[in-house]
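What follows is the residue order along each chain.
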Amino acid sequence: GDGEVHPHDAVAMRHEREHPDGLTSTVVFVSIDARVPPILIRTTQRDRLAGMRLLVSIDSWPADSEYPLGHYVRTLGETGTKDTETKVLLQEFRIPCEPFPAKVLACLPPADYKIELEPGRTDLRHLPVLSIDPPGCKDIDDALHCIELPNGNWQVGVHIADVTHYVEAGTAIDLEAADRSTSTYLVNRRLDMLPSLLTTDLCSLKGNVDRFAFTVLWEVTPDAEIVGVDFVKSIIHSIAALTYQQAQSLIDRPDGAGGDGDVEIQAGAVKRLARLARLFRKRRIDAGALTLASPEVKFVLDSESLNPTDVQAWRPTRRTRSSRSSCSWRT
């Protein structure tokens, strides 16, 4: 109500003061984390730091001090701006956001690196491999194929990008990836676990390029009975990087619609995968499996300012989602 003093202002009134040297002041820093008490810092930059988001370090908490003492580390930016508040979130959750150091970049292959068949890999580039992902996906880490075999069964392949070909255990790039743990997606940018040469290029199973992969090959009947399975290191050549909507349109495409031969190949593969996924899914549910899923969120950004104007939940249809999740099949 009127006349009430905010607790933070009350702390400031009790503890903020000018020092006799005429240069420094004690000011109160209030953390965005409510678990952290106010911190008293001595600074010569009181006026310049007002209204800014700061990074402060706690030094000590003397027995005769009501609050801990600390020092100014650096300024993150003006309170309330998009860039500043993004930096605050990264600091708050301790998300690594610094550029990759030189020793990590030194582990990368050259920019003109060419992927070629090597000893110990199975050449699967003749197979009609394709991927199904949300719109705008750049790090395509898995892909699928499904073809008819001469005996009437189907061969299903799940291909996972072979990241370990480029990231050797114990190297600087491996340790950096372990520290980052995951790629972090923000409203208007992403922070990769590995440098972009790998995440969005060499380890992304994009269409119409050769890529190294780990592949699982199943032979299954059209009724989803598994006949055999094999695991190989492979080289693949994806014929299409589909979105959920494109995959759904292929599922809905009438059989024998004619037209482009590549489209017919893609439609046949996606329809077979969708059929198998429905059968496997029913089998799992009947056996008592849980269905755990969450919507994928996409932000709509203003074309000029790149500020978010809307948030949407991307919900693929059940048939497309089932096809996409086919790599979770178990024998």
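Residues numbered from 1 in each chain as written. Predicted model: local features only at pLDDT ≥ 70, side-chain atom pairs only at ≥ 80, totals over all residues. Heavy atoms only, no water.

### Some words on the overall build of the protein
- The number of helices and strands found in the protein is nine helices and 15 strands.
- The C-alpha radius of gyration of the protein comes to 28 Å, more than 25% above the 20 Å expected for a compact globule of 331 residues.
- The principal-axis extent of the C-alpha atoms belonging to the protein is close to 90 × 50 × 45 Å.
- Across the 331 residues that make up the protein, the buried fraction comes to 36%.
- Summarising the internal contacts of the protein: among those between residues at least 6 apart in sequence, 59% fall at separations of at least 24.
- A total accessible area of about 19,500 Å² is found for the protein, and carbon and sulfur atoms account for 53% of it.
- One finds the centroid of the 38 positive side-chain charges in the protein at a distance of 4 Å from the centroid of its 47 negative side-chain charges. (Helix = DSSP H or I, 4+ residues; strand = E, 2+ residues; numbered from the N terminus. Rg over C-alpha atoms; globule rule 2.2 N^0.38 Å. Buried < 20%, exposed > 50% of the residue type's maximum accessible area, 1.4 Å probe, protein only. Contact = heavy atoms within 4.5 Å. Areas by Shrake-Rupley, 256 points an atom, 1.4 Å probe, with all protein chains shown as cover. Lys, Arg positive; Asp, Glu negative; His and termini not counted. Charge placed at Lys NZ, Arg CZ, Asp CG, Glu CD.)

### Re helix α8 (residues 261-286)
- Compared with an ideal rise of 1.5 Å per residue, which puts 26 residues at 38 Å, α8 spans 38 Å between its outermost C-alpha atoms and is within 8% of the ideal.
- The first or second residue beyond α8 is G288, which carries a positive phi of 100 degrees. (Expected span 1.5 Å × (residues − 1).)

### Things to note about the packing of aromatic side chains
- Following the criterion strictly, the structure yields one aromatic pair and no others.
- Measuring from centroid to centroid gives 5.9 Å for Y113 and Y166, while their planes differ by 80 degrees, and the two rings are edge-to-face. One end of the pair, Y113, is in the loop between α4 (102-105) and β6 (122-123); the other, Y166, is in the loop between β9 (154-161) and α5 (172-180), with 53 residues separating them in the sequence.
- Assessed through its relative accessible area of 28%, Y113 is described here as partly exposed.
- A cation over an aromatic ring shows up here: R121 above the ring of F212, its NZ or CZ 4.2 Å from the ring centre.
- Geometry around F100 places R180 over its ring, the cationic atom sitting 3.9 Å from the centre. (Phe/Tyr/Trp six-rings, centres within 6.5 Å; stacked < 30°, edge-to-face > 60°. Lys NZ or Arg CZ within 6 Å of the ring centre and 35° of its normal.)

### Some remarks on the packing of helix α7 (residues 244-252) against α8
- Where α7 meets α8, the closest approach of the two axes is 8 Å, and the angle between their N-to-C directions is 90 degrees. By the angle class used here, α7 and α8 are roughly perpendicular. The residues of α8 that touch α7, namely those facing A247, L250 and I251, are V263, Q266, A267, V270, K271 and A274.
- Residues of the contact of α7 with α8, tallied by class, amount to seven nonpolar, one polar and one charged. (Axes fitted to C-alpha atoms, helices over the stretch in contact; angles between N-to-C directions. Parallel < 35°, antiparallel > 145°, perpendicular 65-115°, else oblique. Nonpolar A, V, L, I, M, F, W, Y, C, P; charged D, E, K, R; others polar.)

### Section: the confidence of the model for the protein
- Per-residue confidence for the protein gives a mean pLDDT of 89; residues scoring 70 or more make up 93%.
- For the stretch residues 319-331, pLDDT sits under 50, and the model shows 36 contacts to residues farther than four places along the chain or on other chains. (pLDDT = per-residue confidence, 0-100.)

### A look at the pattern of salt bridges
- Counting across every chain of the model gives 21 salt bridges.
- Across the pair D21 and R42 runs a salt bridge, and its minimum N-O distance is 3.4 Å. One end of the pair, D21, is in the loop between β1 (17-18) and β2 (25-29); the other, R42, is in strand β3 (residues 39-43), and 21 residues separate them in sequence.
- The exposure class assigned to D21 is partly exposed, which follows from its relative accessible area of 40%.
- By relative accessible area, which is 52% here, R42 ends up exposed.
- Its salt-bridge partner being D255, residue K271 comes within 2.6 Å of it at the nearest N-O pair. Separated by 16 residues along the polypeptide, K271 in helix α8 and D255 in the loop between α7 and α8 bring together distant segments of the chain.
- Connected through shared salt-bridge partners, E16, E18 and R46 make up one network. (Salt bridge = Lys/Arg side-chain N within 4 Å of Asp/Glu carboxyl O.)

### Some words on the nonpolar core
- By size, the foremost hydrophobic cluster in this structure holds 26 residues, and its most contacted members are Y166, I173 and L198.
- Counting only elements with at least two residues in this core, the list comes to β8 (142-148), α5, α6 (196-202), β12 (210-220) and β13 (226-243).
- Among residues more than four places away in sequence, those in contact with I173 are V104, C107, L108, Y166, V167, L194, P195 and L198. (Core = buried A, V, L, I, M, F, W, Y, C linked by side-chain atoms within 4.5 Å.)

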